[in-house]
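Architecture at a glance
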Amino acid sequence: MSDPMRPRAALRTAVVWEVLQDALERRVKATGRPALDVLDTGGGSGNFAVPLALLGHRVTVVDPSPNALFALERRAAEAGVADRVRGVQGDALGLFDVAERGGYDIVLCHGVLEYVDDPAEGVRNVVAALRPDGVLSLLAAGLGGAVLARALAGHFTEARQALDDPNGRWGAADPVPHRFTADQLTALVEGAGLRVGAVHGVRVFADLVPGVLVDTEPGALEALLKLEAAAAEFAAFHSVATQLHVLGETRETPGV
Ligand SMILES: C[S@@+](CC[C@H](N)C(=O)[O-])C[C@H]1O[C@@H](n2cnc3c(N)ncnc32)[C@H](O)[C@@H]1O
């Protein structure tokens with residue numbers, strides 16, 4: 001489901017798409033409904049929402065940014081899925097001012113938890129938007145990936161600071177308010193009443209390898225995508241991934 005016009009973008013999204021697509025297929029099968037109701041909290045300009053709508057699902061995007069919602073509307077129209085994508089202004093903490101509690105088969109929370117003041121409350125809210133047998137797709141910045149990236153760039157003091165900081169920040173200029181370990185994210189998901197279906201490391205190598213190696217070597221991008229997909233499954237690589245993806249499932253319906 002990655003955008004064939006932007007092959008490099010696949011490095012950022014391929015692993016998540018793979019997991020998400022599998023979860024969608026299982027929900028379609030379990031519900032017998034080919035079109036699922038998806039809530040994309042902090043869905044921005046529709047990186048996930050528009051491809052999901054292209055698969056036939058109905059997607060509600062909640063995002064505080066009017067600019068992102070404007071871009072979403074334009075992108076959905078260009079893709080011919082404006083009737084299946086609804087953008088509403090709101091945020092994860094005030095979610096039920098604009099979204100239906102218990103109304104969605106799948107809830108996405110991708111790249112949002114980092115910016116929410118109270119991540120535990122944020123996760124509880126997005127989980128409360130799920131139908132009883134729904135699935136949560138949670139993607140957030142990983143602590144170890146940031147430490148590694150700062151160190152490899154020669155910013156050793158910042159790398160150390162991120163390691164010691166309770167929010168995983170490398171300094172006052174760090175634009176990301178919170179980063180997480182896999183244990184922290186799974187604890188948040190379990191604390192909100194879900195069981196963890198899977199954890200994947202995302203962008204284990206992609207942000208570290210020089211772009212020229214990927215862009216000029218024939219077949220390098222495809223080989224790197226395969227390496228990312230394989231490493232994503234290994235717990236050992238979760239501790240150095242730029243992002244971590246957690247699939248949360250309701251306890252009542254294991255494997256569904
Ligand atoms: C890094 S972007 C991710 C966009 C999209 N989810 C994706 O994966 O491509 C973060 C998005 O979260 C939104 N955001 C920031 N704070 C938020 C909050 N408290 N609740 C919901 N969304 C928020 C921003 O407006 C932005 O669109």
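Under an unreviewed UniProt entry, the chain has the name Methyltransferase domain-containing protein and belongs to Streptomyces edwardsiae.

**Some thoughts on the site of the ligand**
Near the ligand, the surroundings consist of 15 residues, among which Gly 42, Asn 47, Asp 63, Ala 92 and His 110 are the closest. In the environment of the ligand, a nitrogen atom lies 2.7 Å from a nitrogen or oxygen atom belonging to the backbone of Gly 42. Contact between the ligand and Asp 63: an oxygen atom at 2.6 Å from a side-chain N or O atom of the residue. Relative to its unbound accessible surface of 590 Å², the ligand loses 73% to contact with the protein. By residue class, the composition of the shell around the ligand is 6 nonpolar, 7 polar and 2 charged.

**Details of the nonpolar core**
Core analysis: the largest hydrophobic core is formed by 32 residues, its most contacted members being Leu 39, Val 107, Leu 113, Leu 136, Leu 138 and Leu 185. Among the secondary structure elements, those contributing two or more residues to this core are β4 (104-110), α4 (119-128), β5 (130-141), α7 (182-191), β6 (194-202) and β7 (243-250). When sequence neighbours within four positions are dropped, the list of residues in contact with Leu 113 reads Pro 119, Val 123, Leu 138, Ala 140, His 178, Phe 180, Leu 185 and Leu 188. Residues Leu 20, Val 38, Val 61 and Leu 247 belong to the second largest nonpolar core, which totals 28 residues.

**A short note on the packing of helix α1 (residues 10-31) against helix α9 (residues 220-232)**
Put simply, α1 and α9 touch, their axes get as near as 10 Å, and they point 40 degrees apart. As judged from the angle between their axes, α1 and α9 are oblique. Note on packing geometry: the crossing formed by α1 with α9 is right-handed. The segment α1 lies against α9, with Ala 10, Leu 11, Ala 14 and Val 15 engaging Leu 221, Leu 224, Leu 225, Glu 228, Ala 229 and Ala 232.

Cut-offs and rules
Residues numbered from 1 in each chain as written. Predicted model: local features only at pLDDT ≥ 70, side-chain atom pairs only at ≥ 80, totals over all residues. Heavy atoms only, no water. Near = heavy atom within 4 Å. Polar contact = N/O pair within 3.5 Å; in protein donor to acceptor, adjacent residues only side chain to side chain. Areas by Shrake-Rupley, 256 points an atom, 1.4 Å probe, with all protein chains shown as cover. Nonpolar A, V, L, I, M, F, W, Y, C, P; charged D, E, K, R; others polar. Core = buried A, V, L, I, M, F, W, Y, C linked by side-chain atoms within 4.5 Å. Buried < 20%, exposed > 50% of the residue type's maximum accessible area, 1.4 Å probe, protein only. Helix = DSSP H or I, 4+ residues; strand = E, 2+ residues; numbered from the N terminus. Contact = heavy atoms within 4.5 Å. Axes fitted to C-alpha atoms, helices over the stretch in contact; angles between N-to-C directions. Parallel < 35°, antiparallel > 145°, perpendicular 65-115°, else oblique. Left-handed = near helix turned anticlockwise from the far one by under 90°.

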